[in-house]
Amino acid sequence: MPRGIRRKGGKCSKRDNADDKKDYALYEINKDNAKLWEYYKKQGIIPEAEWDAFVESLKTELPTAFRIQGCHRELDAFVAMMKTRFFSQIDETEKDVHVPKQLPWLDSAFQTKMPRAAVRSHPILNQLHNFLVTEGEIGNVSRQEAVSMIPPLLLDVQPHHKVIDMCAAPGSKTMQLIEMMHADSDNPDGIVVANDADNSRCYLLVRQALKRMPAPSCVVINEDASVLPVMKDSSGNTLFFDRVLCDVICSGDGTFRKNIELWKSWTPQAGLGLHRLQVGIARRSLEILAVGGLMVYSTCSLNPIEDEAVLAELLRHFDGTVELMDVSDKLPELKRSPGISEWKVMDRDMLEFSSYDEVPGRLKRPIQKTMFPPTKEEAEKFHLERSFRVLPHAQDTGGFFVAVLTKTAHLHPKTSANGDEETAVVKPPAAKKRRMQGYQEDPFVFLAKEDERFKDITNYYGINSAFPAENLLSRTKESDQKRTLYFVNSAVRNFLQQNQDRVKVINAGVKMFGRTETKFNDCKFRLAQDGLKIILPYLEKRVVEISPDEMNKIMRGDGGNPYYPREKLQCDKALGDLQSGSVVLRATRGNVTKSICAWIGQMSVSPYISKEERIHVVRMLAFDTTDLEEEMSSKRKQKAEKGRKDRAKAQEANSASEESQDSQEATEDSQGATESTNGSEAEAKNEEVKEASEEEKEAPKEDAVTEKSQPEVMEH
Ligand SMILES: C[S@@+](CC[C@H](N)C(=O)[O-])C[C@H]1O[C@@H](n2cnc3c(N)ncnc32)[C@H](O)[C@@H]1O
């Protein structure tokens, strides 16, 4: 099944996986596919001398790779702590035990082999594993394939750029784009638009990327990228992007090492069925690219039909206004193979055609003219050798294809009456817009200047006048005042104001103030940890410095009770004059400062952050967290076990209805690309219901009269 495609309803793929897993347990999977070997031998992509290494590598399990997200200020301290605390303790002389190695082309990323059995039997590997999971939950670590980190690195994203990620879910590259944009500031001027055609995968992106790394610069939209509507900039002109990431849906044959089910199913049809959509998405990407901007086209397929053939068709269509860039000097440590200008076109039965004229009528639809290699003259102009492949055996990774393109002029420039060339024309999509499905999102409503809510907030927290309050919004149809307030930067604000009726917006904004109802304070809004980094520089009240020791105590709670008695804390004096309610506690050790949202009552203090975040704070302030990690890991296991049992029960109950889907699913082939755009409405809705209930869980109880009524500590 093509990468990024989910079969209708998602049920079949889940059951297939379950069956596959059963199969793997009983039999060794046969890592062999005659068509695959024949196809790639004929393409000449792998030098003869490297063929055996290539085959061997595809058959070996992919190492685990992870990246330390660089947009938290303590990147260096974090990496140093990880090396001392874990890497230096690992004894490589033991069987199957490896120290993670830095990726040659990215200092903040590591790759290692961590077989389950070794993790189970070696405490230090177990601790490292728990650490990666905990830090992954709060966005400090991202588990991501090594090669998948390459495309954003070649986009050279700057803080002021307008960036769009055309096929973004589940969002690992979107996170990198955001991270680059936020390298120097928590509130940069640029925008990252993350788009995906699959509605439920948009919510997956929100959950996996933005919940972990909330960013005021990011907006998630749900459109078919090949027919993306024209969007407008703040002046009402066509919106062009400085950077476009086009990491398209593909057959995924670079992922054999990870997706072992591909061994059974792969045929050349996988690539043939996606070529047209890939061209469509990439063409639209170039149409909305600004002159002088960069676009990266990437796939995790080694197939030239999905790679060079798509590029050749783009270069043909854009007729000299678009060029492939020579990026051989970028990421110098990355071993790569240059793109090719000649390749073979074969049908699913391995029948080979040397030109489109040879293709019989019955195959003229699955095999398109644009799949064939360029003519000699075209090849000289196109420089397809500037694109590149990363072959799995070159650096023990997955396989990947990347090309960087730039635009030198608009294809259809529009000339104004006085003769000056205006920006260009981006035509509305040629194809009819597909009817998108999914949950009907509430609108994004910005706070009016005179809004009473913000007046209360300003007085209570001493927010200085430089804070851009006009960038606060709530999600509501009516003038419901009781809602969470989110913050976006000015670029996202302009985007929403101009485009929320043009494209389907799924998500934008960092939670900054949550509604709280207590009789004890004058402000009905508490600070939310997600938005703290942004608002902190503007807060003139309710920020309390405490010692690292006291921060450690508060994070751990008092014998498991999250409400830490004030009488046991030195900082009680510092808290003394403050009215009960939301505060920021700040502690510094060395060059690490940690600020967290908390709630102070008459008698106690409690942190208002997730468990993972509490462990992170304790760790970064140089305290041992082994006990906390172990406790968390055992809770995770219990939860997973319960989930497994619940799923098994549900599966039993559903088995009858699943049977009836079999025949329908058997007819699905690469048409799945179209179906992927439909998503699953029910799934999306479920997701939304889940989000809503999470929100409720977080909300403090109404009108408390006792200490107990303080907000519940979040447990994600
Ligand atoms: C390879 S995945 C993208 C992976 C993502 N860039 C990342 O790094 O996490 C391809 C994505 O394309 C989406 N997709 C498929 N057809 C699409 C279309 N016509 N327009 C936009 N997205 C599409 C799929 O839903 C899938 O999420």
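Residues numbered from 1 in each chain as written. Predicted model: local features only at pLDDT ≥ 70, side-chain atom pairs only at ≥ 80, totals over all residues. Heavy atoms only, no water.

Asks: Even after reading the chapter, I still don't get the side chain of His122, so can you show me in this structure?
Replies: Counting through the fold element by element, His122 comes out in the loop between helix 5 (116-121) and helix 6 (123-137). What His122 contacts, discounting residues up to four positions off in sequence, is Glu94, Lys95 and Val97. (Helix = DSSP H or I, 4+ residues; strand = E, 2+ residues; numbered from the N terminus. Contact = heavy atoms within 4.5 Å.)

Asks: Please clarify how the packing of helix 11 (residues 269-287) against helix 12 (residues 308-317) should be interpreted in this entry.
Replies: For any two helices packed against each other, the geometry comes down to the angle between their axes and how far apart the axes lie. Interhelical geometry of helix 11 versus helix 12 gives an angle of 45° and a closest axis separation of 10 Å. In terms of orientation, helix 11 lies oblique with respect to helix 12. The interaxial crossing formed by helix 11 with helix 12 has right-handed handedness. Taking contact as the criterion, the partners of His275, Gln278, Val279, Ala282, Arg283 and Leu286 in helix 11 are, on helix 12, Ala309, Val310, Glu313, Leu314 and His317. Within the contact of helix 11 with helix 12, the residues separate by chemical class into 6 nonpolar, 3 polar and 2 charged. (Axes fitted to C-alpha atoms, helices over the stretch in contact; angles between N-to-C directions. Parallel < 35°, antiparallel > 145°, perpendicular 65-115°, else oblique. Left-handed = near helix turned anticlockwise from the far one by under 90°. Nonpolar A, V, L, I, M, F, W, Y, C, P; charged D, E, K, R; others polar.)

Asks: What's the story with the pairing of strand 6 (residues 191-195) in this structure? I'm lost.
Replies: Consecutive side chains of a regular strand alternate in pointing toward one face of the sheet and then the other. Most of strand 6 is tucked away: 5 of the 5 residues are buried. The alternating pattern of strand 6 places Ile191, Val193 and Asn195 and Val192 and Ala194 on opposite faces, both of which are buried. Two strands pair when backbone bridges link them, and strand 5 (residues 162-165) and strand 6 are joined in this way by 4 bridges, in the parallel orientation. Each bridged residue has a counterpart across the sheet, and for Lys162 the counterpart in strand 6 is Ile191. Since strand 5 and strand 6 lie parallel, the crossover through helix 8 (residues 172-181) that links them has a hand, and here it is right-handed. Each parallel crossover has a hand, and the one from strand 6 via helix 9 (residues 199-210) to strand 7 (residues 218-221) is right-handed. (Buried < 20%, exposed > 50% of the residue type's maximum accessible area, 1.4 Å probe, protein only. Pairing = 2+ DSSP bridges. Right-handed = clockwise from strand over helix to strand, strands pointing away.)

Asks: Help me out: how do you make sense of the sheet that holds strand 28 (residues 604-607) in this one?
Replies: Adjacent strands of a sheet pair through backbone hydrogen bonds, lying either parallel or antiparallel. What the 5 strands build is an open sheet, ordered 24-26-27-28-25; its pairing is mixed. Among the strands making up the open sheet, the edge pair consists of strand 24 (543-545) and strand 25 (564-565). Sheet topology note: the strand 24/strand 26 (residues 581-589) ladder contains 3 bridges and is parallel. By the bridge assignment for strand 26, Val543 is matched with Val584. Lying over the sheet, helix 18 (residues 548-556) contacts strand 25, strand 26, strand 27 (592-600) and strand 28, oriented at roughly 130° with respect to strand 26.

Asks: Please explain the UniProt feature "active site" (unreviewed entry) in the protein as it appears in this structure.
Replies: The feature "active site" (unreviewed entry), as given by UniProt, occupies Cys300 in the numbering adopted here. With respect to the helices and strands, the residue Cys300 is situated in the loop between strand 9 (289-299) and helix 12. Residue Cys300 is classed as buried on the basis of its relative accessible area, which comes to 3%. (UniProt positions renumbered as here; feature names shortened; annotations may be inferred.)

Asks: Before we go on, may I ask you to explain the domain arrangement of the protein in this structure?
Replies: Think of interface size as the accessible area that goes away when the parts come together; that is how it is often given. Each assigned domain of the protein is listed here: domain 1 (63-67 + 69-143), domain 2 (146-407) and domain 3 (542-641). If you average the C-alpha positions of domain 1 and of domain 2, the two centres end up 29 Å apart. Summed over both partners, the interface of domain 1 with domain 2 comes to about 1700 Å²; 56% of that surface belongs to carbon and sulfur atoms. In this structure, the connection of domain 1 to domain 2 is made through 3 salt bridges. A salt bridge links Glu179 to Arg67, with the shortest nitrogen-to-oxygen separation between them at 2.4 Å. Put simply, the parts of the chain that give the side of domain 1 that touches domain 2 at least two residues each are strand 1 (64-68), strand 3 (106-112) and helix 6. Looking at side-chain class alone, the side of domain 1 that touches domain 2 contains 10 nonpolar, 5 polar and 4 charged residues. (Domains from an automatic or database assignment. Buried area = accessible area lost by both parts, 1.4 Å probe. Salt bridge = Lys/Arg side-chain N within 4 Å of Asp/Glu carboxyl O.)

Asks: Explanation requested: the nonpolar core in the structure shown.
Replies: The nonpolar side chains of a soluble globular protein tend to be buried, and buried together. In terms of nonpolar packing, the biggest core is built from 86 residues, with Val219, Met295 and Tyr297 touching the most fellow members. With 7 residues, helix 11 is the largest single contributor of residues to this core. In terms of nonpolar packing, the next biggest core, distinct from the first, is built from 45 residues, Val163, Val206, Cys300 and Val327 among them. (Core = buried A, V, L, I, M, F, W, Y, C linked by side-chain atoms within 4.5 Å.)

Asks: So what exactly am I meant to see when it comes to the packing of aromatic side chains here?
Replies: In this description, an aromatic ring pair is defined by two values, namely the gap between the centres and the angle between the planes. Under the criterion given, the structure shown has 17 aromatic pairs. On the basis of an interplanar angle of 40° and a centroid distance of 6.2 Å, the ring pair of Tyr40 and Trp266 is categorised as tilted. Placement of Tyr40 in helix 2 (residues 34-43) and of Trp266 in the loop between helix 10 (262-265) and helix 11 is noted, with a sequence separation of 226 residues between them. You can call Trp266 buried: its relative accessible area is 3%. Consider the rings of Phe87 and Phe110, whose centres lie 5.4 Å apart with planes at 70°: the pair is edge-to-face. Of this pair, Phe87 sits in the loop between helix 4 (75-85) and strand 2 (101-103) while Phe110 sits in strand 3, placing them 23 residues apart in sequence. Its relative accessible area of 7% is what places Phe87 among the buried residues. Members of the aromatic cluster, each reached through a chain of ring pairs, are Trp37, Trp51, Phe54, Phe256 and Trp263. Its end group placed over the ring of Tyr356, Lys364 keeps NZ or CZ at 4.5 Å from the ring centre. Here the basic side chain of Arg493 rests over the ring of Phe446, its NZ or CZ set 5.3 Å away from the ring centre. (Phe/Tyr/Trp six-rings, centres within 6.5 Å; stacked < 30°, edge-to-face > 60°. Lys NZ or Arg CZ within 6 Å of the ring centre and 35° of its normal.)

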